[in-house]
Amino acid sequence: MKTLLRISISVCLIITVTCISEEHQKLRDSRKKAVEECRKEKPEVSDDDFASVYRKESPKNEIQHCVIECVYEKMGMVKNGKLVYEEISKSFQAMLGHDPAMLSFVSNFGEECKNEVEQKYGSIPKCGVSDAFHSCMGRKKNGQ
């Protein structure tokens, strides 16, 4: 009986990890496709500026702000200069679904940041909405 229980638990864990991995891979593929589309639209942008998307760091200049905003738009996370939090939430789920405590933590301050961006920044300059969201997430992550 114990052996059957162990096998059942192992199978459930494997299925869960496989599904999470598939969702995370879909997100990565979507981001890669978005970067490729943005690269076609912005051929003048350097490889280093596009690489900032993969380094998950805060943008260092206006070009990087616009690259990240373009990627967010292509992934459906920004539309008409506004955050589409439902899509951002899906990306949190894909990245952190295997860790319910971390997913809850990040989702909570993600929602707070969405609200902050919408309330504090009535008119955000072009390429600024993703930066405002990233900045807020960084502050929340660091406990500020």
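Before reading further, recall that the structure is shown in the block above.
Residues numbered from 1 in each chain as written. Predicted model: local features only at pLDDT ≥ 70, side-chain atom pairs only at ≥ 80, totals over all residues. Heavy atoms only, no water.

Peer 1: Quick question: what am I supposed to make of the environment of Ala34 here?
Peer 2: Tracing the backbone through its elements, the reader meets Ala34 in helix α1 (residues 2–41). In this structure the C-alpha to C-alpha distance between Ala34 and Met75, which are 41 residues apart in sequence, comes to 6.3 Å. Setting aside chain neighbours within four positions, we find Ala34 in contact with Val71, Lys74 and Met75. (Helix = DSSP H or I, 4+ residues; strand = E, 2+ residues; numbered from the N terminus. Contact = heavy atoms within 4.5 Å.)

Peer 1: Would you take a moment to explain the pattern of salt bridges for this structure?
Peer 2: Between side chains of opposite charge, a pair can form when the charged atoms approach closely. Evaluated as defined, the whole model comprises 7 salt bridges. With its nearest N and O atoms 2.4 Å apart, the salt bridge here joins Lys74 to Glu41. With a gap of 33 residues between them, Lys74 in helix α3 (residues 62–74) and Glu41 in helix α1 connect regions that are remote in the sequence. You can call Glu41 partly exposed: its relative accessible area is 47%. Between Lys114 and Glu111 there is a salt bridge, and its shortest N-O distance comes to 3.8 Å. (Salt bridge = Lys/Arg side-chain N within 4 Å of Asp/Glu carboxyl O. Buried < 20%, exposed > 50% of the residue type's maximum accessible area, 1.4 Å probe, protein only.)

Peer 1: Before we go on, may I ask you to explain the environment of Ile88 in this structure?
Peer 2: Tracing the chain through its elements places Ile88 in helix α4 (residues 85–96). Not counting residues up to four positions away in its chain, the partners in contact with Ile88 are Met77, Leu83 and Phe133.

Peer 1: For this particular structure, what's the right way to read the layout of surface pockets?
Peer 2: Here the idea is plain: a probe the size of a water molecule rolls over the atoms and shows the empty space left. When its volume is computed, the second largest pocket comes out at roughly 160 Å³. Forming the boundary of the second largest pocket are Glu23, Lys26, Leu27, Ser30, Met75, Met77, Glu87, Lys90, Ser91 and Ala94. Looking at the lining of the second largest pocket, its residues break down into 4 nonpolar, 2 polar and 4 charged. (1 Å grid on protein atoms, 1.4 Å probe; cavity = no way out; pocket = protein on both sides within 12 Å on 5 of 7 lines; lining within 4 Å. Points joined across faces, edges and corners; volume = space filled by probe spheres on them. Nonpolar A, V, L, I, M, F, W, Y, C, P; charged D, E, K, R; others polar.)

Peer 1: Explanation requested: the side chain of Asp49 in the structure shown.
Peer 2: Mapping Asp49 onto the fold places it in helix α2 (residues 47–55). A polar contact is formed between the side chain of Asp49 and the side chain of Gln64, at a distance of 3.0 Å. Not counting chain neighbours up to four residues away, the residues in contact with Asp49 comprise Asn61, Ile63, Gln64 and Val67. (Polar contact = N/O pair within 3.5 Å; in protein donor to acceptor, adjacent residues only side chain to side chain.)

Peer 1: What is the right way to read the packing of aromatic side chains from this model?
Peer 2: Across all of its chains, the model carries 2 aromatic pairs by this definition. Residues Tyr85 and Phe92 carry aromatic rings whose centres are separated by 6.3 Å and whose planes lie at 70° to one another, so their mutual orientation is edge-to-face. Here Tyr85 and Phe92 have matching classes, each one buried. Aromatic side chains Phe105 and Phe109 sit 4.8 Å apart centroid to centroid with 90° between the ring planes, which places their arrangement in the edge-to-face category. With a gap of 4 residues between them, Phe105 and Phe109 both fall in helix α5 (residues 100–120), about one helical turn apart. We classify Phe105 as partly exposed; its relative accessible area is 45%. Accessibility expressed as a relative area gives 8% for Phe109, which makes it buried. (Phe/Tyr/Trp six-rings, centres within 6.5 Å; stacked < 30°, edge-to-face > 60°.)

Remember that the coordinates give geometry; whether it matters functionally is a separate question.
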